[in-house]
Structures are given as structure tokens and as C-alpha cells.
Amino acid sequence: MLFRSIAEATLTGVAHNTLTGDIFAGGRTLLLNKTNSTAIAGGLIVSPSNTGVPTVRLLRDNQFADTATMRFEGGFVLDSGILDLNGFSDTIGSISGYKGIVQCRGGLLTIGANHKNASFEGVISGNGGTNLVKAGLGVFVFSGKLDFNGTTLVNGGSFLLNGIVNPNNHFRVNSSSRLGGKASKVGVVTCNGGTLTPGLIITEPSYGTLEAAAWAVAAGSTYRVEISGQIPGEQHDQFIVNGALNLNGQTLLAQQFSSGCVGAQYTILKAAAGASITGQFRDLPEGAVFDVAASSSMRITYKGGVSGKDVVLTQVTAPTVSSATLELLPDAIKLHATGVPGWYYTLQYNDDLNTTNWVDYARFQADVVTGKITTASIPIYKSFPTLFFRIVP
């Protein structure tokens, strides 16, 4: 730490603060009052001490450099600290940490300007109007409480919700940006060329359910879903909409991360009671079949579910192996095959081809680059005079 403040202090004057190291605010109040210059150029670490919970309060606009960072530390019993915009506006590289409180109070906070990933678990509060803007190319994971009834703009990168959101909050997701997460029901979501993608997409796949009071879509927007199994929120993404939704020709980007099976159904959009979904995805009329991965295709319906209003994908084909041989060993076999890179395949056996009694024997993943499958020795049962094998996705 290059500068430490445990008592009340004010950063003022007209000269830029060129300190690129960390400023530690561990005491009462740190006032930022630079005139047309930068008060925080590097990092600001906020943590409670024996003098109490610190507050960092703006007395003018633009006290942080756009690349500056703010991190809340400690706070397992008390809150880590408070950033009080005090009605002013500022742009900051990132906010991160645990149990911090950000009070906009009519001010505008822009985060993410350093294009780096950050996670914040705390409270962001404010008044009406636009209180929060996500900028930059990084991923911002918010796991606390977004507690204001104004607007949140997602102008760049990804804003991922993993907490509680004021139901009156309005998210606007603009071009080249993404909104995702597993939050409780959010308010209105408007996609103006951006992407809505349930789940915490830090690593893929990451499945989740996201719910909104309403979802408005402009042409050029995208709905992205990840799929591996039939359980919504756990094995595939799902968005639940309350109210009216017009899909308005937006793009559906469906990505499958396991081979699935023919006939499996995935409810990717669910209309809550009293809600309705109209319109279609781009180039996907009712009943259209489209590819989601190599050798895997889906059929779409806009009339699915018990309500007849859900958007459901039904798997029509599943990836198969392009070649396979069994190497016979004493009391064992080895499988050599080529499939779709990264897909899982199941080796099944049957002792009577006049029946459909195929039994799962072993499961393998094809190499993620080459698609090759080469197994270790697999024991076989001597009690069967003849065994038949097959490979299914």
C-alpha cells in the first residue's frame, strides 16, 4: 500500500493525483474533491477498521481515472464500506469485492472501463433514471442486491446477475453486449441489438434460468442458449417471461454441449401464467429443423408446453460415429472410433438381436480436437456365448 487513510481525509486541489499504487481507506470518510483532475489514479481498497466502516464520498464528478479499480475487502461481520456518489457521476475501471455498498443517489456510475473481469457481492442502490452503466469488454458478475428502480445500461462486455434485482429495474442491452445470469425475477429487459443468455457464462457451458417481468426485443438482437439435457436451469438454459413478448425476428443461437438423444425436448422460452409469446426467430418458422452442432439438429415449435405458448426444441438427429472397430483381447475388448470432437458416446451390448434389450456398458468422450475414441481394455462377460455391440450418442 502506498497511501493509507484511517482517519477522515480529503483529496482536493487542481493537480492530478499520479499515485498509481493502492490507496487504503480503512477509517471514517474519504472525500474526493479534485477540480478537473483525478483523485484516484490506481487502486482504492475499502475495508472496515476499529474506527468503523469507511465511506468514500464524491464531492465532484469524475474523481476516478477510467482505469482505476475499487475493491471492498473484509466485512464478514460489518459492511466492507460505502461508495457514495452523492448525486455525481464517474467512470471507473472496475468494482469488486464483498459486502460493499454503492449509493448512486441520483448519480451515474459507469463500470468496466478497464475491460477486465470483476465480481462484486454487495448492494448497489439509487433513484430513478439511469444509475448504472456496464462498459468495456470484460465480464461483470454481480451477486448482491441491485436495489433501484431506474435503468441499467449494458453497453459492452457481459453483465451477469446472480442475486436479487429490484423488480422495477429496467435493463437495456445494447449492441455487442450480453446480459445473463441466474437472478431472481428482474424487471423489464430491452435488447437493442444485444444478447440475452441465461446462465453465468464465465466458463462454458453454464446453465441457468432467468426471469423477467417483460422482454422487449429489437431486430438484430440475439437469444443464446446452451443445451446438454432436459432439465431447465440445470442442463439447459431457459428464460421465463411474464407479459407479452414479440420475438421480432431476433437470432436464436443454440449451442449443444452433449450429444443428447433423438426425441429429447428442451423448453428454452417459457411463458408464465397470463403471458404470451408471439413472432418468430429469424429464419425459423414453426416446425423448422436447424443444425445446432455437427450431426445434431433440432425442430422448433412456438406452441409447446402445457400452455401451448412455450418455445420448445425437439432433437431430431444426434451425432454418430463415422467409423468404429472393436479390438478383441482375451476376456476384453478395446474400442477404436471417430466421432464428433468433444461429444459423449455410449457403448451398448445385446445378446439377442431379435430383442431391443440394449444395455449401457461404458461411456466415453471423443477427443475435443480430433474426435478420436480409444479406450482401455473393457472386460466382457464369459457367460454370454455371443455379444453384439453398438455405439450411440
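See the structure above.
Below is a summary of the structure that appears in this document. (Residues numbered from 1 in each chain as written. Predicted model: local features only at pLDDT ≥ 70, side-chain atom pairs only at ≥ 80, totals over all residues. Heavy atoms only, no water.)

1. What about the overall build of the chain?
Now for step 1: Within the chain, the regular secondary structure consists of 0 helices and 39 strands.
Now for step 2: Relative to its length of 393 residues, the chain is extended, with a C-alpha radius of gyration of 27 Å against a globular reference of 21 Å.
Now for step 3: Counting only residues that meet the buried cut, the chain has 50% of its 393 residues in that class.
Now for step 4: Sequence-distant contacts in the chain: of pairs separated by 6 or more residues, those separated by 24 or more amount to 48%.
Now for step 5: Taking the average location of the 26 positive side-chain charges in the chain and that of its 25 negative ones, the two points are 5 Å from each other. (Helix = DSSP H or I, 4+ residues; strand = E, 2+ residues; numbered from the N terminus. Rg over C-alpha atoms; globule rule 2.2 N^0.38 Å. Buried < 20%, exposed > 50% of the residue type's maximum accessible area, 1.4 Å probe, protein only. Contact = heavy atoms within 4.5 Å. Lys, Arg positive; Asp, Glu negative; His and termini not counted. Charge placed at Lys NZ, Arg CZ, Asp CG, Glu CD.)

2. Remarks on the environment of Leu-210
Now for step 1: Tracing the chain through its elements places Leu-210 in strand β23 (residues 209–217).
Now for step 2: On the basis of relative accessible area, Leu-210 is assigned to the buried category, the value being 1%.
Now for step 3: Through-space distance from the C-alpha of Leu-210 to that of Val-186 is 8.1 Å; in sequence the pair is 24 residues apart.

3. Regarding the packing of aromatic side chains
Now for step 1: For the structure on display, the rule yields 11 aromatic pairs.
Now for step 2: Here the aromatic rings of Tyr-223 and Phe-281 are separated by 6.3 Å at their centres, their planes lie at 5 degrees, and the arrangement is stacked. You can see Tyr-223 sitting in strand β24 (residues 222–227) and its partner Phe-281 sitting in the loop between β29 (276–278) and β30 (289–293), a full 58 residues away along the chain. Like Phe-281, Tyr-223 is buried.
Now for step 3: Relative to Tyr-302, the ring of Phe-281 has its centre 6.4 Å away and its plane inclined at 35 degrees; by these criteria the two rings are tilted. Of this pair, Phe-281 sits in the loop between β29 and β30 while Tyr-302 sits in strand β31 (residues 296–304); the two residues are 21 residues apart in sequence, bridging distant segments of the chain.
Now for step 4: Taking the relative accessible area as the measure of exposure, Phe-281 reaches 2% and is therefore buried.
Now for step 5: Three or more aromatic residues link up through ring pairs in this structure, and these residues are Phe-72, Phe-120, Phe-140, Phe-142, Phe-159 and Phe-171. (Phe/Tyr/Trp six-rings, centres within 6.5 Å; stacked < 30°, edge-to-face > 60°.)

4. Describing the pairing of strand β34 (residues 332–338)
If a strand is regular, its side chains alternate between the two faces of the sheet.
Now for step 1: Of all 7 residues in β34, 5 are buried; the element is thus mostly enclosed.
Now for step 2: Of the pairings in the sheet, the one linking strand β33 (residues 323–329) to β34 comprises 7 bridges and is antiparallel in character. If you follow Ala-324 over to β34, its bridge partner there is Ala-337.
Now for step 3: The loop that links β33 with its antiparallel partner β34 comprises 2 residues; one of these, Asp-331, has a positive phi angle of about 65 degrees.
Now for step 4: Looking at chain direction, β34 and strand β38 (residues 378–379) are connected through 2 bridges and run antiparallel. (Pairing = 2+ DSSP bridges.)

5. Considering empty space enclosed by the protein
Now for step 1: Applying the stated rule across the entire model yields 1 cavity of 30 Å³ or more.
Now for step 2: Considered as a void within the structure, the largest cavity measures approximately 40 Å³ in volume.
Now for step 3: Around the largest cavity sit Gly-93, Ser-94, Ile-111, Gly-112, Lys-116, Ala-118, Lys-134, Ala-135, Gly-138 and Phe-140, which together line it. (1 Å grid on protein atoms, 1.4 Å probe; cavity = no way out; pocket = protein on both sides within 12 Å on 5 of 7 lines; lining within 4 Å. Points joined across faces, edges and corners; volume = space filled by probe spheres on them.)

6. Remarks on the pattern of salt bridges
Now for step 1: Overall, the coordinates contain 6 salt bridges when judged by the stated rule.
Now for step 2: Notably, a salt bridge pairs Asp-310 with Lys-270, separated by 3.6 Å at the nearest N-O pair. Of this pair, Asp-310 sits in strand β32 (residues 310–317) while Lys-270 is found in strand β28 (residues 265–271), placing the two residues 40 residues apart along the sequence.
Now for step 3: You can call Asp-310 buried: its relative accessible area is 2%.
Now for step 4: Taking the relative accessible area as the measure of exposure, Lys-270 reaches 35% and is therefore partly exposed.
Now for step 5: Sharing partners across several salt bridges, the network here consists of Arg-57, Asp-84 and Arg-105. (Salt bridge = Lys/Arg side-chain N within 4 Å of Asp/Glu carboxyl O.)

7. Observations concerning the sheet that holds β23
Within a beta sheet, neighbouring strands are joined by backbone hydrogen bonds and run either parallel or antiparallel to one another.
Now for step 1: The sheet built from 12 strands is open, its strands ordered β9-β11-β13-β16-β19-β21-β23-β25-β28-β32-β31-β30 with mixed pairing. What marks the edges here is a single partner per strand, and that holds for β9 (89–91) and β30. With direction set aside, neighbouring strand axes in the sheet form an average angle of 25 degrees.
Now for step 2: Bridging between strand β19 (residues 170–174) and strand β21 (residues 186–192) involves 5 bridges; their strand directions are parallel. If you follow Val-173 over to β21, its bridge partner there is Cys-191. (Axes fitted to C-alpha atoms, helices over the stretch in contact; angles between N-to-C directions.)

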